[in-house]
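Architecture at a glance
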Amino acid sequence: MINLQIETSWESVLLEEINSEYFSQLKQFLNFEKEKYTIYPPSKFIFSAFDKTPFDKVKVVILGQDPYHGEEQAQGLCFSVPDGIRIPPSLVNIFKELKTDIGCETPKSGNLQKWADEGVLLINATLTVRAHEAGSHQKKGWERFTDAVIQKISDEKENVVFILWGNYAQGKSKFIDTSKHLIIKSVHPSPLSANRGGFFGTKPFSKTNDYLRSKNISPIKWNL
């Protein structure tokens with residue numbers, strides 16, 4: 001059985017979703033999948049984004065689409081990989097922008113847990129995937145759940161920065177009240193998109209911290 005125990009502050013915020021029929025069906029689907037296939041991330045990491053960044057600590061949201069589907073890559077934080085795992089191409093480009101934007105030295109590891117600890121919710125729209133089958137757990141209920149997460153943050157918090165890279169993430173703008181939150185948009189950092197232009201030079205990290213300071217909120221320590 002897959003354990004979908006979420007951090008307590010998120011549990012109270014998302015109780016209606018967790019107790020819903022669609023979420024029950026999602027759990028049944030995941031248990032069925034686990035019996036037949038390898039799924040990522042391992043169950044203890046499915047809710048890592050929430051465990052590492054409790055609801056009251058969220059300052060920034062970075063939204064991905066799908067977990068990595070290669071062995072030992074996915075750890076429940078979007079774009080992040082564990083220490084010792086080769087840094088994926090999109091994250092290489094994120095680190096390039098991090099260096100040119102605020103001068104951070106290029107990290108040796110792709111583990112973004114420090115960002116999560118700083119208040120950056122690193123959430124994928126779909127929280128699980130079948131091994132080596134990209135998108136295999138899409139449209140099974142996860143998107144409804146994570147849309148509710150974005151809506152709850154928008155409704156119940158103020159002055160959160162939403163970093164939306166690529167068309168898919170930007171489609172979530174409809175859940176965000178821009179009268180009390182900041183949205184930073186650009187093309188996706190994947191090489192296919194970023195190398196065409198529109199990602200490098202967008203300065204999402206400094207823009208985020210400028211906004212937080214303007215609201216008397218302590219900035220994110222982006223250095224890894």
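So, here is what we can say about the structure in this document. Computed from a predicted model, the values in this text were never measured in an experiment. Sequence order as written defines the numbering, with residues in each chain counted from 1. Residue-level local features of this predicted model are given only where pLDDT is at least 70; pairs of side-chain atoms are given and counted only at 80 or more, and the full residue set underlies all totals for whole chains, interfaces and linings. Side-chain measures were taken over the full set of non-hydrogen atoms in the model, leaving aside hydrogen atoms and water.

Quick look at the side chain of Glu 97
Of note, Glu 97 is situated in helix H5 (residues 89–102). Separated by 2.7 Å, the side chain of Glu 97 and the backbone nitrogen of Gly 201 make a polar contact. Here a polar contact means two N or O atoms within 3.5 Å. Within protein one must be a hydrogen donor candidate and the other an acceptor candidate, and residues neighboring in sequence count only if both atoms are side-chain atoms. Within the local environment of Glu 97, its side chain forms a polar contact with the backbone nitrogen of Thr 202, the two atoms lying 3.3 Å apart. In this description, contact between two residues means that some pair of their heavy atoms is separated by no more than 4.5 Å. Here Glu 97 is in contact with Phe 199, Phe 200, Gly 201, Thr 202, Lys 203, Pro 204 and Phe 205, once residues within four sequence places are set aside. Secondary structure elements follow DSSP: runs of H or I of four or more residues count as helices, runs of E of two or more count as strands, with numbering from the N terminus.

Considering the pattern of salt bridges
For this analysis, a salt bridge means a side-chain nitrogen from Lys or Arg found within 4 Å of a carboxyl oxygen belonging to Asp or Glu. Under the defined criterion, the tally for this structure stands at five salt bridges. We note a salt bridge from Glu 133 to Arg 130, for which the minimum N-O separation is 3.2 Å. The partly exposed category is assigned to Glu 133, whose relative accessible area is 35%. When the shortest N-O distance is used, the salt bridge between Asp 147 and Lys 172 registers 2.7 Å. With Asp 147 in helix H7 (residues 142–156) and Lys 172 in the loop between helix H8 (166–170) and strand E6 (182–186), the pair connects residues that are 25 residues apart, well separated along the chain. Residues Asp 147 and Lys 172 agree in their burial class; the two are buried. Only protein chains enter the accessibility calculation, which uses a 1.4 Å probe; a residue whose area is less than 20% of its type maximum is buried, one above 50% is exposed, and one in between is partly exposed.

Digging into the packing of aromatic side chains
Ring pairs shown here join Phe, Tyr and Trp side chains whose ring centres sit within 6.5 Å, with only the six-membered ring taken for Trp; geometry is labelled stacked below 30 degrees between planes, edge-to-face above 60, and tilted in between. One pass over the structure, following the stated rule, counts 16 aromatic pairs. Between Phe 50 and Phe 145, the aromatic rings sit 6.2 Å apart at their centres with planes inclined by 65°, giving edge-to-face as the arrangement. One end of the pair, Phe 50, is in helix H4 (residues 48–52); the other, Phe 145, is in helix H7, with 95 residues separating them in the sequence. For Phe 145, a relative accessible area of 0% puts it in the buried group. Note on Phe 205 and Trp 222: the rings are 4.9 Å apart at their centroids and 70° apart in plane angle, and the pair reads as edge-to-face. With Phe 205 in helix H10 (residues 204–214) and Trp 222 in the segment after H10, this residue pair connects regions lying 17 residues apart in the sequence. Of the two residues examined, Phe 205 and Trp 222, each falls in the buried class. Feature note: the residues Trp 10, Tyr 22, Phe 23, Phe 47, Phe 50, Phe 55, Trp 142 and Phe 145 constitute an aromatic cluster, connected by ring pairs.

With respect to H7
Across its 15 residues, H7 extends 21 Å between first and last C-alpha, which sits within 8% of the 21 Å expected from 1.5 Å per residue. The set of residues buried in H7 consists of Trp 142, Glu 143, Phe 145, Thr 146, Asp 147, Ala 148, Val 149, Ile 150, Ile 153 and Ser 154. For a helix, the expected span equals 1.5 Å multiplied by the number of residues minus one.

Considerations on the sheet that holds E6
Strand pairing requires that DSSP identify at least two bridges connecting the strands. Ordered in space as E3-E2-E5-E6, the four strands form an open sheet in which the pairing is parallel. Since the sheet does not close on itself, it has two edges, and those belong to strand E3 (120–124) and E6, each with one partner. With direction set aside, neighbouring strand axes in the sheet form an average angle of 20°. Where strand E5 (residues 161–165) meets E6, five bridges bridge the pair, whose relative direction is parallel. Looking at the pairing, Trp 165 lines up with Ser 186 of E6. Each of strand E2 (60–64), E5 and E6 touches H10; the most contacted strand, E5, lies at about 165° to it. The axes used here are C-alpha line fits, helices contributing only the stretch in contact, and every angle between their N-to-C directions lies in the interval 0 to 180 degrees.

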